[in-house]
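Below, each chain spelled out in residue letters.
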Amino acid sequence: MGIPDEGGRAAAERLAQLNPAQRAAVGFGVGARDGGELRHPPLLVIAGAGSGKTSTLAHRVAQLIDCGAEPSRLLLLTFSRRAAGEMSRRVGQLISRRATGSPPLPWAGTFHGIGARLLREYAARIGIDPAFSIHDRQDSADLLNLARHGLGFSAREKRFPLKGTCLAIYSAVLNTQATLGEVLQTSFPWCAEWQAELKCLFREYVRSKQAQQVLDYDDLLLYWAQMVGEDELGREIGDRFSHVLVDEYQDTNRLQAAILLSMKPDGNGLTVVGDDAQSIYAFRGATVRNILDFPQHFAPPAQVLTLDRNYRSTQPILDAANRVIALASERFTKELWSERTSGEKPRLVAVRDEAGQATYVVEQVLARREAGVRLRSQAVLFRTAQHSVRVELELRRRNIPFVKFGGLKFLEAAHVKDVLAILRWGQNRRDRLAGFRAMQLVAGIGPKSAGRVLDHIAATAPGCMLLEEQPVAESARPAWREFAALIASCSPGGATWPAGCEQVCRWYLEQVERLHDDPLARQTDIEQLALIAASYPNAERFLTELALDPPAASSDAAGPPLLDEDYLILSTIHSAKGQEWTAVFVLNAVDGCIPSDLATGSTAAIEEERRLLYVAMTRARAYLELIVPQSFHVTQQPALGDRHVHAARTRFIPHALLPDYEQLSWPPPAAIAAPASPQARQQMFDLTARMRAIWE
Ligand code: ATP
Ligand code: MG
């Protein structure tokens, strides 16, 4: 395979750890020459969960580096920033036996993160300002809402779609590369009558983004795709990278596929890996067709390799997961097998309700910890973030540390958004949304003054505008002057980083009591934010990364809070992608939750829910428990209020599959205690309602 001598032995040692199919994928085309030029034909590795796709990709990167590839010319695209970091670490470990120090992989990241970097770098060539701000989904929805109001659509007699729906439609059009008419017809038929207005709204949204030098998530892909769609730029950017390697390819959308094909039109140096059975992001425009059609984009077609040995789970867990996915209507990857035999089948546990579920899960978690499985090797997974509320309550009650992924983000808290708005406005004075929010934090400045200042700024040539001289009420002038100095300190060319951010946090903490209730809790978050900020080299990197891959919780933001301590993982199934734990608990394995009653519309949506359950089950190494509450709480029914409904086991585990599980009821019938007193129930209900309100 042409491995240079110095790395030869280490590489051979490394390859010996792999099975023959993995080895073939790692070494495919490495070192092959075509007329003197190095050629790496396109490769697709398509294989089931836990078969070592991600490990194989890490080995392939190590192998390429061993064979002389420049790490800075390897573009590695992963599903999350966490996954990119993990991949860099693994490659570093694989390589470090030979080299001194681990080679960084400077171009490992998510599609959105890499897109942002490339766009800043090439901004001047494509007519955008390199200081553009990035709006997260919430900001985008807010800006769209401003446009919606501005055009008078919100005042229509018949209700115009809400901002979230508008954004979902807009995003679907871009990511699926379909027309507005098609998207409305297939996914939002109830909005079809508004097609003309929506088009007008989106036009206005794009106009205001451009006027404010703002890019949203979709723009990061869209601008990137357009940029590499230009022959010359496409070639130039494509040639920067000798290899482009993509993990979790089943969850990419058409735009992402178009980007890859523009950068590597002949597939040279392109490797993608994924599992069609784990495609769970169609709701965001991902299409499993990308992975299935990948080989045919090239002539000759890309090499397809499959892996069928699972290294993660015991055979009984695999059997159960295999049979769940075998009922899927369409599927490419084969069944998996494992050498990890175990007598323990996965458990299917019937509990009375969500309270019972919480108690059961927490007790089992503790029992496993007693048996030597640390909390970090255990995960509680759920379909939507609200499903874990009861478990969180129980964990808090018993003082068990946990970290939650998915759902409400730290950055969505009002006070954190306030501070970020100041920093963002400091960076980009044309960002109206940031400016509007930031200015209203100043005592005496309301929406009217803020709007006036923004209009003033928009009408002034960049660079000729003095913030302290803006038209504000005389009574607000002293506070305004202080604020203007603050903005100057966090502008490019202002105070050094992170000092600028520290000043902002200090100023904000002085205002917090006036602005919010419970200032103390907020203070801790702001202090955390300052700490995180200090770990970034500059404001722009900090704001970009935070907008793109926000930490899941304040505790996650600065790394786990309890660095040396143990903590349980709580995660939505979507956020659990690619990961594994010794013990996995899946909450609410009932119809209405999995499949979610939000998804029961089309067959395709139901099939995606089946794959979600498959993803959840295949995260488990040794112990898997699916919990089936006999009744659960239904909220979001304004007409009916909260109520308990009878629940049935998820349809994805029909009667015929029951022999794959050890079935049990908890508590065992004899142990059922007398029902709680009405007073105790009332207390519990109040607390849980408050917990739920956090998510509403
Ligand atoms: P997913 O589909 O969930 O993303 P995957 O196919 O990417 O899974 P990995 O996460 O790469 O699988 O590997 C699953 C587990 O198997 C990991 O713990 C990995 O270290 C282990 N593993 C992979 N290949 C081997 C091997 N050849 N020998 C021993 N362990 C292996
Ligand atoms: Mg993986």
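To be clear, the structure that these remarks concern was listed above.
What comes next concerns the included structure. (Residues numbered from 1 in each chain as written. Chains lettered and ligands numbered in written order. Predicted model: local features only at pLDDT ≥ 70, side-chain atom pairs only at ≥ 80, totals over all residues. Heavy atoms only, no water.)

**Some points on the packing of aromatic side chains**
Put simply, the test is: The pairing test for Phe, Tyr and Trp rings, Trp by its six-membered ring, is centres within 6.5 Å, and the orientation test on the planes gives stacked under 30 degrees, edge-to-face over 60, and tilted for anything in between. Runs of E in the DSSP output that reach at least two residues are strands. Runs of H or I that reach at least four are helices, and both are numbered from the N terminus. Type-normalised accessible area, obtained with a 1.4 Å probe on protein chains alone, sets the label of each residue: buried when under 20%, exposed when over 50%, and partly exposed for intermediate values.
Taken as a whole and judged by the stated rule, the model has 16 aromatic pairs. For the pair Trp 425 and Phe 483, a centre-to-centre distance of 6.4 Å together with 20 degrees between the ring planes defines the contact as stacked. Remark: Phe 483 occurs in helix H20 (residues 477–489) and Trp 425 occurs in helix H17 (residues 414–427); sequence separation between them is 58 residues. Accessibility assignment for this pair places Trp 425 and Phe 483 in one class, buried. Linked through ring pairs, Trp 425, Trp 480, Phe 483 and Trp 507 together constitute an aromatic cluster.

**Examining the packing of helix H7 (residues 163–176) against helix H9 (residues 195–211)**
Two quantities define a packed helix pair, namely the angle between the helix axes and the distance between the axes. Threshold: To obtain each axis, a line is fitted to C-alpha atoms, and for helices this fit is confined to the stretch in contact; angles are then taken between N-to-C directions over 0 to 180 degrees. With respect to orientation, any angle under 35 degrees is reported as roughly parallel, any angle over 145 as roughly antiparallel, any angle of 65 to 115 as roughly perpendicular, and every other angle as oblique. Residues count as neighbours in contact if any of their non-hydrogen atoms are within 4.5 Å of one another. Here the term charged refers only to Asp, Glu, Lys and Arg, the term nonpolar to Ala, Val, Leu, Ile, Met, Phe, Trp, Tyr, Cys and Pro, and the term polar to all other amino acids, Gly among them.
Look at H7 against H9: their axes get within 11 Å of each other, and the N-to-C directions meet at 85 degrees. It follows that H7 is roughly perpendicular to H9 by the angle criterion. Residues Cys 166, Leu 167, Ile 169 and Tyr 170 of H7 pack against Leu 198, Leu 201, Phe 202, Tyr 205, Val 206 and Lys 209 of H9. Within the contact of H7 with H9, the residues separate by chemical class into nine nonpolar, no polar and one charged.

**Quick word on the nonpolar core**
Applied cut-off: Nonpolar core, defined: a set of buried Ala, Val, Leu, Ile, Met, Phe, Trp, Tyr and Cys residues in which side-chain atoms within 4.5 Å join the residues together.
Core analysis: the biggest nonpolar cluster contains 68 residues, and Leu 198 and Trp 224 have the highest contact counts within it. Per-element tally for this core: the top contributor is helix H10 (residues 217–229), with nine residues. In contact with Leu 198, other than residues within four places in its own chain, are Phe 160, Cys 166, Ile 169, Leu 180, Leu 184 and Cys 191.

**Section: the side chain of Thr 572**
For the record, the criterion: Here a polar contact is recorded for every N or O atom pair within 3.5 Å, except that within protein the pair must consist of a potential hydrogen donor and a potential acceptor, and residues adjacent in sequence are included only if both atoms are side-chain atoms.
Secondary-structure assignment places Thr 572 in strand S16 (residues 568–572). Residue class for Thr 572 comes out buried when judged on its relative accessible area of 7%. Side-chain polar atoms of Thr 572 contact the side chain of Ser 575, separated by 3.0 Å.

**What about the environment of Gln 579?**
Along the chain, Gln 579 falls in the loop between S16 and strand S17 (581–586). Classification of Gln 579 by relative accessible area gives partly exposed; the value is 23%. Residues Gln 579 and Ala 620 lie 41 residues apart in sequence; the distance between their C-alpha atoms is 9.1 Å. A polar side-chain atom of Gln 579 sits 3.4 Å from a polar atom in the side chain of Arg 82.

**Some thoughts on the side chain of Asp 566**
Take Asp 566: it is sitting in the loop between helix H24 (554–557) and S16. From its side chain, Asp 566 meets the backbone nitrogen of Leu 375 in a polar contact 2.6 Å long. From its side chain, Asp 566 meets the backbone nitrogen of Arg 376 in a polar contact 3.0 Å long. Setting aside anything within four residues of it in sequence, one finds Asp 566 in contact with Arg 374, Leu 375, Arg 376 and Pro 401.

**Quick look at the sheet that holds strand S13 (residues 347–351)**
The criterion, for reference: Should DSSP find at least two bridges between two strands, the strands are regarded as paired.
Spatially, the seven strands line up as an open sheet ordered S15-S16-S14-S17-S18-S13-S21, and their pairing is parallel. Across the chains shown, the open sheet's two edge strands, defined by having one partner strand only, are strand S15 (402–405) and strand S21 (662–666). Mean inter-strand twist for the sheet, computed between neighbouring axes without regard to direction, equals 20 degrees. The sheet contact formed by strand S14 (residues 378–382) and S17 spans four bridges and is parallel. Note that in S17 the partner of Leu 381 across the bridge is Val 586. Seen against the sheet, helix H15 (residues 354–370) touches S13, S14, S16, S17, strand S18 (620–629) and S21 and runs at an angle of roughly 160 degrees to S18. Here helix H25 (residues 603–617) sits on the sheet and contacts S14, S17 and S18; the angle it forms with S18, its principal contact strand, is near 130 degrees.

**Some details on the pattern of salt bridges**
Applied cut-off: Salt bridges, as used here, are contacts in which a Lys or Arg side-chain nitrogen is within 4 Å of a carboxyl oxygen on Asp or Glu.
By the definition in use, this model includes 36 salt bridges. Residue Asp 293 is joined to Arg 289 by a salt bridge in which the shortest nitrogen-to-oxygen separation is 3.0 Å. Here Arg 289 and Asp 293 lie together in helix H13 (residues 289–293), a separation of four residues that amounts to about one turn. Since its relative accessible area comes to 34%, Arg 289 is described here as partly exposed. Its salt-bridge partner being Arg 323, residue Asp 660 comes within 2.6 Å of it at the nearest N-O pair. Placement of Asp 660 in the loop between strand S20 (643–646) and S21 and of Arg 323 in helix H14 (residues 315–326) is noted, with a sequence separation of 337 residues between them. By relative accessible area, Arg 323 is classed as partly exposed at 38%. Here the residues in one salt-bridge network are Asp 136, Asp 139, Lys 417, Arg 424 and Asp 431, joined through shared partners.

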